[in-house]
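Understanding the architecture of this molecule
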Amino acid sequence: MTTYRTVSIDGLDIFYREAGSRDNPTILLLHGFPTSSHMFRNLIPALADKFHLVAPDYPGYGNSSMPTINEFDYTFDRLAQIVEKFISAIALKKYSLYVMDYGAPIGYRIAAKYPERVQSLIVQNGNAYEEGLREFWEPIKAYWQERSPENAEKLKYLVSLEATKWQYTNGVRNLEAISPDTWTIDQHFLDRPGNGEIQLALLYSYGTNPPLYPQWQEYFRQHQPPTLIVWGKNDYIFPADGAYPYQRDLKDVEFHLLDTGHFALEEDGDAIADHIAQFLASRLQPVSV
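What comes next is a walk through the structure. (Residues numbered from 1 in each chain as written. Predicted model: local features only at pLDDT ≥ 70, side-chain atom pairs only at ≥ 80, totals over all residues. Heavy atoms only, no water.)

Observations regarding the sheet that holds strand β7 (residues 227-232)
- Taken in spatial order, the 8 strands line up as β1-β2-β4-β3-β5-β6-β7-β8 in an open sheet, and their pairing is mixed. The open sheet is flanked by β1 (3-9) and β8 (253-258), the only strands paired with a single partner. Put simply, the sheet's adjacent strands are angled 20° from each other on average, direction ignored.
- Here 4 bridges tie strand β2 (residues 12-19) to strand β4 (residues 52-56), and the two strands are oriented antiparallel to one another. (Pairing = 2+ DSSP bridges. Helix = DSSP H or I, 4+ residues; strand = E, 2+ residues; numbered from the N terminus. Axes fitted to C-alpha atoms, helices over the stretch in contact; angles between N-to-C directions.)

Shown next as structure tokens:
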């Protein structure tokens, strides 16, 4: 059974989904933009018989608190701090990290800081290499260079219903396999007053991530976490160009390019669940009694 809980972190209500016995290995699931822990709604029950799964919503997303940009510093450093405190608050000692999209820069900040806690990485369209930032990112890179109203205006379409639906449907094999509930639910949260400003702040803050790529790559090389890559290869936002370089720095990589788009779990969730179960069964030592 999946439970739906809230914990207070720095005065904010942080919502999270949890399932599975704590006696089993933990998987910490870190969501992307513009979604929430809702993206893991099917993966969690698929794995809960073998693993302990936890999926929080970041501030400004899903069912967690949404302070305004004047009340909260919407940066990736700050989101990583919140997730780090969340990990402590619910007493997670060791875990595998499932990172997707925004979850990658959040998760890698934490992994590089506490490498001894990370048992493995599961990477689904989560970038840590310059090769992965291609055409989609050009107007966003311009915003990093000059945070002007003109450059901001060019990015506002990213919180529109059309853009949200596109994120779910672009690159998929079968449009009829993608539930419209996905973009409808995400758009509900994006349309809240003030949320557009939050997303612009985080798009700007994403510019702090590429300078950290060398640090994260050094973490990969030095600590060699076993890594499962399950990547939607038709993703225009994070194309497969960003998946291959992990193999340069990591020795134990299981690599799967899936014939789907950005939100690979929507079309290939069963396959991803099977890959995770088999990968972790072969990499993690049984919990001693």
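Additional details are given in the paragraphs that follow.
Digging into the packing of aromatic side chains
- In the structure shown here, the tally under the stated rule is 29 aromatic pairs.
- Arranged with centres 6.5 Å apart and planes meeting at 35°, the rings of Tyr206 and Phe238 form a pair that is tilted. Of this pair, Tyr206 sits in the loop between α8 (195-205) and α9 (213-223) while Phe238 is found in the loop between β7 and α10 (246-249), placing the two residues 32 residues apart along the sequence.
- The lysine or arginine in question, Arg117, covers the ring of Tyr114, its NZ or CZ lying 3.7 Å from the ring centre.
- Over the face of the ring belonging to Tyr204 we find Arg147, whose NZ or CZ atom lies 4.0 Å from the ring centre. (Phe/Tyr/Trp six-rings, centres within 6.5 Å; stacked < 30°, edge-to-face > 60°. Lys NZ or Arg CZ within 6 Å of the ring centre and 35° of its normal.)

Description of empty space enclosed by the protein
- Within this structure, the stated rule accounts for 2 cavities of 30 Å³ or more.
- Within this model, the largest cavity holds a volume of roughly 70 Å³.
- Lining the largest cavity are Phe33, Asp101, Tyr102, Phe136, Trp137, Ile140, Leu158, Gln167, Leu203, Ile237 and His262.
- Residue classes in the lining of the largest cavity are distributed as 8 nonpolar, 2 polar and 1 charged. (1 Å grid on protein atoms, 1.4 Å probe; cavity = no way out; pocket = protein on both sides within 12 Å on 5 of 7 lines; lining within 4 Å. Points joined across faces, edges and corners; volume = space filled by probe spheres on them. Nonpolar A, V, L, I, M, F, W, Y, C, P; charged D, E, K, R; others polar.)

Looking at the nonpolar core
- Among the nonpolar cores identified, the biggest contains 65 residues, and Tyr108 and Tyr246 are the most heavily contacted of them.
- Counting residues per element, this core draws most heavily on helix α2 (residues 76-89), at 7 residues.
- Every residue in contact with Tyr246, bar those within four places of it in the chain, is listed here: Tyr108, Val123, Gly126, Asn127, Ala128, Tyr129, Phe220, Ile229, Trp231 and Val253.
- Ranked by size, the runner-up nonpolar core spans 32 residues in total, among them Met39, Leu258, Ala273 and Ile276. (Core = buried A, V, L, I, M, F, W, Y, C linked by side-chain atoms within 4.5 Å. Buried < 20%, exposed > 50% of the residue type's maximum accessible area, 1.4 Å probe, protein only. Contact = heavy atoms within 4.5 Å.)

Describing the packing of α2 against helix α3 (residues 103-113)
- At their nearest, the axes of α2 and α3 sit 9 Å apart, and the two run at 60° to each other. Relative to α3, the element α2 is oriented oblique. Two packed elements cross with a definite hand, and for α2 against α3 that hand is right-handed. For the pair formed by α2 and α3, the contact residues are Phe76, Asp77, Leu79, Ala80, Val83, Glu84 and Ile87 on the first element and Pro105, Ile106, Arg109, Ile110 and Lys113 on the second. (Parallel < 35°, antiparallel > 145°, perpendicular 65-115°, else oblique. Left-handed = near helix turned anticlockwise from the far one by under 90°.)

Digging into the environment of Pro226
- Tracing the sequence through the fold places Pro226 in the loop between α9 and β7.
- On the basis of relative accessible area, Pro226 is assigned to the buried category, the value being 16%.
- Note: C-alpha distance between Pro226 and Ser148 (78 residues apart in sequence) is 42 Å.
- Not counting chain neighbours up to four residues away, the residues in contact with Pro226 comprise Gln119, Ser120, Leu121, Asp252, Phe279 and Arg283.

Points about α8
- Counting buried positions over the 11 residues of α8 gives 8, a clear majority of the element.
- For α8, the set of buried residues is Asn195, Ile198, Gln199, Leu200, Ala201, Leu202, Leu203 and Ser205.
- Elements in contact with the buried residues of α8: α2, α4 (138-145), α5 (149-153) and α7 (181-190).

So, the side chain of Arg78
- Among the secondary structure elements, Arg78 is positioned in helix α2.
- Given a relative accessible area of 18%, Arg78 falls into the buried group.
- When sequence neighbours within four positions are dropped, the list of residues in contact with Arg78 reads Asp10, Phe72 and Asp73.

Brief notes about the side chain of Asn195
- One can find Asn195 in helix α8.
- Among the polar contacts made by the side chain of Asn195, one reaches the main-chain carbonyl oxygen of Gly60 at a distance of 3.0 Å.
- Beyond its immediate chain neighbours, meaning those up to four positions away, Asn195 contacts Gly60, Met66, Phe189 and Leu190. (Polar contact = N/O pair within 3.5 Å; in protein donor to acceptor, adjacent residues only side chain to side chain.)

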